[in-house]
Amino acid sequence: QVHIVESGGGLVQPGGSLRLSCEASGSGFRVAAMGWYRQTTGKERELVARIHHDVTNYADSVKGRFTISTDSAQNTAYLQMNSLKMEDTGVYYCNVGSVATDIYFETWGQGTQVTVSS
């Protein structure tokens with residue numbers, strides 16, 4: 001079973017920065033990919049950034065402003081968010097893709113609120 005702990009959300013002014021962290025723990029699995037998704041009121045959850053074997057992909061809306069990275073030794077992913085805009089406001093969810101006995105499965109975190117407001 002994968003246990004996920006997210007941290008780093010909060011309130012920030014437009015143009016500011018935040019860093020989100022996602023740590024996956026547990027036993028019997030190997031982390032294959034980690035990502036961040038966000039959901040705003042009335043919209044579906046959307047991909048923000050994802051990393052798999054050091055290959056990253058980003059939503060067009062965050063390219064050049066957000067950076068995803070991992071500490072593979074600790075199964076932790078980070079999302080550095082710079083030049084934040086009001087439209088970045090939402091609940092950010094960590095998604096962990098894991099492999100156990102050759103079976104791939106995904107686990108979601110509880111979400112952390114990011115609010116960009118003046």
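Because the structure is predicted, anything quoted here is derived from the model rather than measured.

Glancing now at the packing of aromatic side chains. Here a ring pair, both rings aromatic, is described through the centre-centre distance and the interplanar angle of the planes. By the definition in use, this model includes one aromatic pair. The cationic tip of Arg19 hangs over the ring face of Tyr78; the distance from NZ or CZ to the ring centre is 4.1 Å. Over the face of the ring belonging to Tyr93 we find Arg45, whose NZ or CZ atom lies 3.7 Å from the ring centre.

A word on the environment of Asp71. Its place among the elements puts Asp71 in strand S7 (residues 66–71). Among the residues examined, Asp71 registers a relative accessible area of 26% and is labelled partly exposed. Placed 48 residues apart in sequence, Asp71 and Glu23 show a C-alpha to C-alpha distance of 9.3 Å. The contact partners of Asp71, leaving out residues within four places of it in the chain, are Thr76 and Tyr78.

Another aspect to go through is the pattern of salt bridges. In a structure, side chains of opposite charge can pair up when their charged atoms sit close to one another. Applying the stated rule across the entire model yields five salt bridges. Here Arg38 ties to Glu46 by a salt bridge, and the two come within 2.9 Å at their closest N and O atoms. For Arg38, a relative accessible area of 5% translates into the label buried. Across the pair Asp60 and Lys63 runs a salt bridge whose closest N-O atoms are separated by 3.1 Å. Accessibility expressed as a relative area gives 63% for Asp60, which makes it exposed. Here the salt bridges do not stand alone but share partners, grouping Arg38, Glu46, Arg65 and Asp88 into one network.

Inspection of every chain in the model, using the stated rule, returns one disulfide. In this model, Cys22 is linked to Cys94 through a disulfide, with the two sulfur atoms separated by 1.9 Å. Here the S-S torsion is close to -75 degrees, and the disulfide linking Cys22 with Cys94 is therefore left-handed. Of this pair, Cys22 sits in strand S3 (residues 18–26) while Cys94 sits in strand S9 (residues 90–100), and the two are 72 residues apart along the sequence. Its relative accessible area of 0% is what places Cys94 among the buried residues.

Turning our eyes to something else, we now look at the environment of Tyr93. Looking at where Tyr93 falls in the secondary structure, it is placed in strand S9. Given a relative accessible area of 14%, Tyr93 falls into the buried group. In contact with Tyr93, other than residues within four places in its own chain, are Glu6, Gly35, Trp36, Tyr37, Gln39, Arg45, Trp108, Gly109, Gln110 and Gly111.

Criteria and cut-off values
- Counting starts from 1 at the beginning of each chain's written sequence and moves along it residue by residue.
- Where totals are concerned, whole chains, interfaces and linings use all residues; where local detail is concerned, this predicted model gives features only for residues with pLDDT of at least 70, and gives and counts side-chain atom pairs only at 80 or more.
- Neither water nor hydrogens contribute to the side-chain values; these are computed over all heavy atoms in the structure.
- Aromatic rings from Phe, Tyr and Trp, with only the six-membered ring used for Trp, were paired whenever their centres fell within 6.5 Å, and each pair was classed as stacked if the ring planes differed by under 30 degrees, edge-to-face if by over 60, and tilted otherwise.
- Two thresholds decide whether a charge sits over a ring: the Lys NZ or Arg CZ must be within 6 Å of the ring centre and within 35 degrees of the ring normal.
- Helix and strand definitions follow DSSP, with helices as H or I runs of at least four residues and strands as E runs of at least two, each counted in order from the N terminus.
- Throughout this description, buried means an accessible area under 20% of the type-specific maximum (1.4 Å probe, protein chains only), exposed means over 50%, and partly exposed covers the range between.
- In what follows, a contact means two residues having at least one pair of non-hydrogen atoms within 4.5 Å.
- Between Lys or Arg on one side and Asp or Glu on the other, a salt bridge is scored when a side-chain nitrogen of the former is within 4 Å of a carboxyl oxygen of the latter.
- Note on terminology: pairs of cysteine sulfur atoms within 2.5 Å are recorded as disulfides.

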